[in-house]
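Residue-level listing of the chains:
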Amino acid sequence: MAKVIIDQERCKGCELCTIVCPQKIMVMSKSFNKKSYHPAEQINPEKCNGCAFCAMTCPDVALEVYK
Amino acid sequence: MMKKVFARPKSLTEVPFTYCPGCHHGIIHRLIAEVMDELNIAQDTIGIAPVGCSVFAYLFFNCDMIVAAHGRAPAVATGIKRVKPNNIVFTYQGDGDLASIGTAEIVHAANRSEKITVIFVNNAIYGMTGGQMAPTSLEGQVTQTSPYGRDPKTMGMPIRMCELLSTLNSPAYIARVALTKPAYIIRAKKAIKKGFQYQIDGKGFSLIEVLSTCPTNWGLSPKEANEWLEKKMIPYYPLAEFKNVEEVS
């Protein structure tokens, strides 16, 4: 069981985390953040294996991963 | 009880990056900060920011920073390192800064094997000024100042700085890395760590060239920019260690 915490106000919606996630559970939210980007969010969090690829790839260091 | 396996490094401030979505500058900043954390050198480190998108790097790093005139970061770093030899000095430069206006400074700093670490961000274009052709722009690449594509007949071929500098005898470590895949990012961090370690050990000059995307000025989405980098840039700018003083007998 792993957990990803997304700082949605830091996210600029570049979608790079959605490409590298091996479980394909990182998606872009339909809502907006204060910067008017669609931030990343996680669906089916129980599938997360804590590989931290999303956090490694995030250019804005907006993710924290717990395992 | 869950363990934190990934968090913001302490050597980064809380200030949000000013870079465009998908720009690799943020990843490179994070890797440098993680290396500073791991080697526990942030309190002794002096960074030199360039002119370019990363001119605001002093806002993001939790260490002492100076901004040098365009291209002159290696000259400023030389001065600082010679006056304060016990401090760790690194420069952070783009391709317009290092490979164009600052060519003289980087070549001679490398040739003197100044004990500094240079992080060279190559995105094949001028970012901050609005997407003009850089010395590192690829053959046929369309930019603001090469609207018909870069023509090698009149504009020359792109400069490969790592290969150029590795013809010199003195540098201790020269490598080129990319960041488009997690595996590349892990390798990039190892290379940056080695660069800083060589400086700490007094082995001499180290330069790590990082291939980076510029989605805004390339006119691509961050995802397409990553693909373009892998398809177009890596074949021309091969990822390798060009010089490693450890491996030379």
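Presented here is a report on the structure given in the accompanying data block. This one's a predicted model, so the numbers in the text were calculated from it and none came from an experiment. (Residues numbered from 1 in each chain as written. Chains lettered and ligands numbered in written order. Predicted model: local features only at pLDDT ≥ 70, side-chain atom pairs only at ≥ 80, totals over all residues.)

## Considerations on the overall build of chain A
The following threshold applies: Helical segments are the DSSP runs of H or I of at least four residues, strand segments are the runs of E of at least two, and each set is numbered from the N terminus. For the radius of gyration, the atom set is restricted to C-alpha positions; the globular benchmark scales as 2.2 Å times the number of residues to the power 0.38. Our contact criterion uses C-beta atoms placed from the backbone: two residues qualify when those atoms are within 7 Å.
Along the backbone of chain A there are two helices and four strands. For chain A, the α and β elements follow one another from N to C terminus as β-α-β-β-α-β. For 67 residues, the compact-globule estimate of 2.2 N^0.38 gives 11 Å, and the C-alpha radius of gyration of chain A, at 11 Å, lies within 12% of that figure. If you line up chain A on its principal axes, its C-alpha atoms span 30 × 20 × 20 Å. In chain A, the share of contacts with a sequence separation of at least 24, taken over all contacts with a separation of at least 6, comes to 62%.

## As for helix H8 (residues 182-200) of chain B
For clarity, the cut-off: Expected helix span is taken as 1.5 Å per residue step, with the number of steps being one fewer than the number of residues. Around each residue's C-beta, the other C-beta atoms within 10 Å are counted; 20 or more make the residue buried, 12 or fewer make it exposed, and counts in between make it partly exposed. All C-beta atoms are placed from the backbone.
Its 19 residues give H8 of chain B an end-to-end C-alpha distance of 27 Å, which sits within 8% of 27 Å, the value for a rise of 1.5 Å per residue. Here H8 of chain B has its buried residues at Ile-185, Ala-188, Lys-189, Ala-191, Ile-192, Lys-194, Gly-195, Phe-196, Tyr-198 and Gln-199 of chain B. Of the surrounding elements, those touching the buried residues of H8 of chain B are helix H2 (53-57) of chain A together with helix H1 (25-39), strand E4 (88-94), strand E5 (117-122), strand E6 (173-178) and strand E7 (206-211) of chain B. Just downstream of H8 of chain B, Gly-202 of chain B is the residue with a positive phi angle, here 70°.

## Re the interface of chain A and chain B
Where we set the bar: Between any two strands, at least two bridges found by DSSP are needed for them to pair.
Across the contact, 24 residues belong to chain A and 22 residues belong to chain B. Secondary structure elements with two or more residues in the side of chain A that touches chain B: helix H1 (16-20), H2 and strand E4 (63-66) of chain A. Inspection of the sheet shows E4 of chain A paired to strand E1 (residues 4-6) of chain B by two bridges, in the antiparallel sense. Residue pairing for E1 of chain B: Tyr-66 of chain A is matched across the bridge by Lys-4 of chain B.

## Points about the sheet that holds strand E1 (residues 3-6) of chain A
Strands pair in a sheet through their backbones, by hydrogen bonds, and they do so in one of two ways: parallel or antiparallel. The criterion, for reference: To define axes, lines are fitted to C-alpha atoms, for helices over the stretch in contact only, and angles between the resulting N-to-C directions are given on a 0 to 180 degree scale.
Across the sheet, three strands lie side by side as E1(A)-E4(A)-E1(B); this open sheet has antiparallel pairing. Looking along the sheet, the strands with just one partner apiece sit at the ends: E1 of chain A together with E1 of chain B. Looking at each pair of strands side by side, their axes are set apart by 30° on average, direction ignored.

## Looking at the sheet that holds E6 of chain B
Residue and element names in this part refer to chain B. Pairing within the open sheet is mixed, and its seven strands lie in the order E3-E2-E4-E5-E7-E6-E8. Both edges of this open sheet fall to strand E3 (64-67) and strand E8 (240-244), since each of them pairs with a single strand only. Neighbour-to-neighbour, the strand axes of this sheet turn through a mean angle of 15°, independent of strand direction. The pairing of strand E2 (residues 45-49) with E3 spans four bridges and is classified as parallel. Residue pairing for E3: Ile-48 is matched across the bridge by Ile-66. Along the sheet face, helix H3 (residues 73-83) touches E2, E3, E4 and E5 and points at about 175° away from the line of E4.

## Brief notes about the packing of H1 of chain B against H8 of chain B
All names here are of chain B. Note the following rule: Reported orientations rely on four angle classes, namely roughly parallel under 35 degrees, roughly antiparallel over 145, roughly perpendicular from 65 to 115, and oblique for the rest. Helix crossings fall into two classes, left-handed where the near helix is turned counterclockwise from the far one by less than a right angle and right-handed where it is turned clockwise.
Interhelical geometry of H1 versus H8 gives an angle of 50° and a closest axis separation of 9 Å. As judged from the angle between their axes, H1 and H8 are oblique. Of the two elements, H1 crosses H8, and the hand of that crossing is right-handed. Between H1 and H8, the residues in contact are Ile-27, Leu-31, Ile-32, Glu-34, Val-35, Glu-38 and Leu-39 and Ile-185, Ala-188, Lys-189, Ile-192, Lys-193, Phe-196 and Ile-200, respectively.

## Notes on the environment of Lys-190 of chain B
Residues and elements named next belong to chain B. Among the structural elements, Lys-190 can be located in helix H8. A residue is classified by how many C-beta atoms lie within 10 Å of it, and Lys-190, with 14 of them, is partly exposed. Between the C-alpha atoms of Lys-190 and Val-177, which are 13 residues apart in sequence, the distance is 9.8 Å.

## Some words on the packing of H3 of chain B against helix H5 (residues 103-111) of chain B
Residues and elements named next belong to chain B. Condition: Residues are grouped as follows: Ala, Val, Leu, Ile, Met, Phe, Trp, Tyr, Cys and Pro are nonpolar; Asp, Glu, Lys and Arg are charged; every other residue, Gly included, is polar.
Running from amino to carboxyl end, H3 crosses H5 at an angle of 40°, the nearest separation of the two axes being 7 Å. Regarding the angle of H3 to H5, the classification is oblique. Counting all contacts with H3, which are made through Pro-74, Ala-75 and Thr-78, the residues of H5 involved are Glu-105, Ile-106 and Ala-109. Across the contact of H3 with H5, the residue classes break down as four nonpolar, one polar and one charged.

## Details of the nonpolar core
This is how it is decided: Each nonpolar core comprises buried Ala, Val, Leu, Ile, Met, Phe, Trp, Tyr and Cys residues, the members being joined through C-beta atoms within 7 Å.
With 90 residues, the main nonpolar core has Cys-54 and Leu-63 of chain A together with Ile-119, Phe-120, Ile-192, Ile-208 and Val-210 of chain B as its most contacted residues. The residues touching Cys-54 of chain A, leaving out its near neighbours within four places in the chain, are Val-4, Cys-17, Val-20, Cys-21, Met-26 and Leu-63 of chain A.

## A look at H3 of chain B
Burial in H3 of chain B covers these residues: Ala-73, Pro-74, Ala-75, Ala-77, Thr-78 and Lys-81 of chain B. Close packing links the buried residues of H3 of chain B with E2, E4, H5 and E5 of chain B.

## Considerations on the environment of Ala-52 of chain A
Within the secondary structure layout, Ala-52 of chain A lies in the loop between strand E3 (40-42) and H2. Given 20 C-beta atoms within a 10 Å radius, Ala-52 of chain A is considered buried. Spatially, the C-alpha atom of Ala-52 of chain A lies 8.8 Å from that of Tyr-66 of chain A, the residues being 14 residues apart in sequence. Ala-52 of chain A has contacts with Val-65 of chain A together with Val-5 and Phe-6 of chain B, leaving out every residue within four places of it along the chain.

Interpretation note: all reported values are geometric properties and have no functional meaning in isolation.
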